[in-house]
Amino acid sequence: MSEVATQIDEIVGLALAGLLKKNGFRKSGRTWHKSVSDDWQIVNAQASAANSREQGKFVVNLGVYCAQVADLAGQKRPERFPKEFETTVRERLGSLAYKYDHWWTVEPNSNLNEIASDVEAKMQASGLQWLDAHLDVARIATHLQGSPNLHALSAAWLAWGKREAVRQYEAAIAARPAAKNHYVAWAVKSGLVG
């Protein structure tokens with residue numbers, strides 16, 4: 001393992017391990033999961049693929065897997081727990097805290113405790129609240145509104161009813177005409193259209 005990877009692990013451990021454990025999350029590698037009924041909250045620390053031995057960056061990904069939305073979208077439920085990329089709705093902690101896609105930087109002279117304190121503060125100030133808020137289907141639907149994908153259509157249907165789901169379904173086909181057959185097959189199978 002490179003020096004920068006070790007430093008990122010140290011920062012992530014200092015910033016997130018205790019805080020997330022206290023809030024009911026279980027750790028596996030650089031990912032934490034928390035089961036909330038049939039749903040899941042996920043926190044994942046992702047290192048940049050462009051990291052070198054001496055310098056690197058990482059980001060903290062947040063995700064919520066909503067079983068109702070995933071089921072309606074036709075997504076197969078994970079056997080154990082979902083991966084961050086399988087979640088229904090996702091956000092980056094840095095984007096919440098800084099209003100842009102912020103990656104924390106690690107260099108040989110970096111103060112690891114200072115970076116860890118910043119990550120922990122951002123997680124406490126906005127990350128945990130975002131995760132809790134997005135256990136609500138209406139919040140998920142609002143977050144995904146305008147996205148041409150089955151999660152967005154399913155969340156709209158569950159949150160706001162069939163009429164809004166049909167409106168978004170038609171908008172999705174207009175936005176992505178090459179995927180029309182995919183949308184139509186789902187809409188017929190799910191009963192959205194006849």
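Everything below is about the structure shown above.
Draft legend 1. Quick peek at the overall build of the chain. Counting secondary structure elements, the chain contains 8 helices and 6 strands. Sequence-ordered secondary structure for the chain, helices as α and strands as β, is α-β-β-β-β-α-β-α-β-α-α-α-α-α. Here the chain holds 194 residues, and the buried ones make up 43% of them. Pairs at least 24 residues apart make up 58% of the contacts formed inside the chain by residues separated by at least 6 positions. Accessible surface computed for the chain: about 10200 Å², of which carbon and sulfur atoms make up 48%. Charged side chains in the chain number 23 positive and 20 negative. The centres of these two groups are separated by 6 Å.

Draft legend 2. The arrangement of the packing of helix α1 (residues 3-22) against helix α4 (residues 112-133) in detail. Relative to each other, α1 and α4 sit at 40°, their axes nearing to 9 Å. Overall, the two elements α1 and α4 adopt an arrangement that is oblique. For α1 against α4, the interelement crossing comes out right-handed. Mapping the contact onto sequence places Q7, E10, I11, L14, A15, L16, L19 and L20 in α1 and L112, N113, I115, A116, V119, E120, M123, Q124 and L128 in α4. Of the residues in the contact of α1 with α4, the class split is 12 nonpolar, 3 polar and 2 charged.

Draft legend 3. Region of the structure containing the nonpolar core. L16, V43, F58, V60, V119, M123 and L131 are the most contacted members of the largest nonpolar core, which has 36 residues in total. Contributions of two or more residues to this core are made by α1, β3 (39-47), β4 (56-65), β6 (104-106), α4, α5 (137-144) and α6 (150-160). By size, the runner-up hydrophobic cluster in this structure holds 13 residues, among which are L153, A165, Y183 and A187.

Draft legend 4. Main features of the pattern of salt bridges. This structure, assessed with the given rule, holds 6 salt bridges. D71 serves as the salt-bridge partner of R77, at 2.5 Å between the closest nitrogen and oxygen. The exposure class of R77 is partly exposed, given its relative accessible area of 37%. D71 sits in the partly exposed class, given a relative accessible area of 37%. Salt-bridge contacts for R90 lead to E84; the nearest nitrogen and oxygen are separated by 3.5 Å. E84 sits in the buried class, given a relative accessible area of 12%.

Draft legend 5. Quick look at the side chain of E164. With respect to the secondary-structure elements, E164 resides in helix α7 (residues 162-175). For E164, a relative accessible area of 18% puts it in the buried group. Within polar-contact distance, the side chain of E164 engages the side chain of R167 at 2.7 Å. Excluding its chain neighbours within four sequence positions, the residues that come into contact with E164 are Q145 and A156.

Draft legend 6. Structural detail: helix α8 (residues 180-190). For α8, every residue scored as buried is listed here: Y183, W186 and A187. Looking down the long axis of α8, one finds its buried residues gathered within 100° of arc, a one-sided arrangement. Residues of α8 that are exposed and angled more than 90 degrees away from the buried face: N181 and K189. Summarising the contacts, the buried residues of α8 are in contact with α2 (67-73), α6 and α7. After α8 finishes, the residue G191 shows a positive phi value of roughly 90°.

Draft legend 7. Layout of the packing of aromatic side chains. Taken as a whole and judged by the stated rule, the model has 5 aromatic pairs. Aromatic pair Y98 and W104: ring centres 6.4 Å apart, planes at 70°, arrangement edge-to-face. You can call Y98 partly exposed: its relative accessible area is 27%. Members of the aromatic cluster, connected to one another through ring pairs, are F58, Y98, Y100 and W104.

Draft legend 8. View of unusual backbone geometry. Backbone geometry places S37, a non-glycine residue, at a positive phi of 60°. Take S37: it is sitting in the loop between β2 (31-36) and β3. A residue is classified by how much of its surface remains accessible, and S37, at 69% relative accessible area, is exposed.

About the cut-offs
Residues numbered from 1 in each chain as written. Predicted model: local features only at pLDDT ≥ 70, side-chain atom pairs only at ≥ 80, totals over all residues. Heavy atoms only, no water. Helix = DSSP H or I, 4+ residues; strand = E, 2+ residues; numbered from the N terminus. Buried < 20%, exposed > 50% of the residue type's maximum accessible area, 1.4 Å probe, protein only. Contact = heavy atoms within 4.5 Å. Areas by Shrake-Rupley, 256 points an atom, 1.4 Å probe, with all protein chains shown as cover. Lys, Arg positive; Asp, Glu negative; His and termini not counted. Charge placed at Lys NZ, Arg CZ, Asp CG, Glu CD. Axes fitted to C-alpha atoms, helices over the stretch in contact; angles between N-to-C directions. Parallel < 35°, antiparallel > 145°, perpendicular 65-115°, else oblique. Left-handed = near helix turned anticlockwise from the far one by under 90°. Nonpolar A, V, L, I, M, F, W, Y, C, P; charged D, E, K, R; others polar. Core = buried A, V, L, I, M, F, W, Y, C linked by side-chain atoms within 4.5 Å. Salt bridge = Lys/Arg side-chain N within 4 Å of Asp/Glu carboxyl O. Polar contact = N/O pair within 3.5 Å; in protein donor to acceptor, adjacent residues only side chain to side chain. Arc of directions from axis to C-beta. Phe/Tyr/Trp six-rings, centres within 6.5 Å; stacked < 30°, edge-to-face > 60°.

Read these as geometric descriptors, not functional statements.
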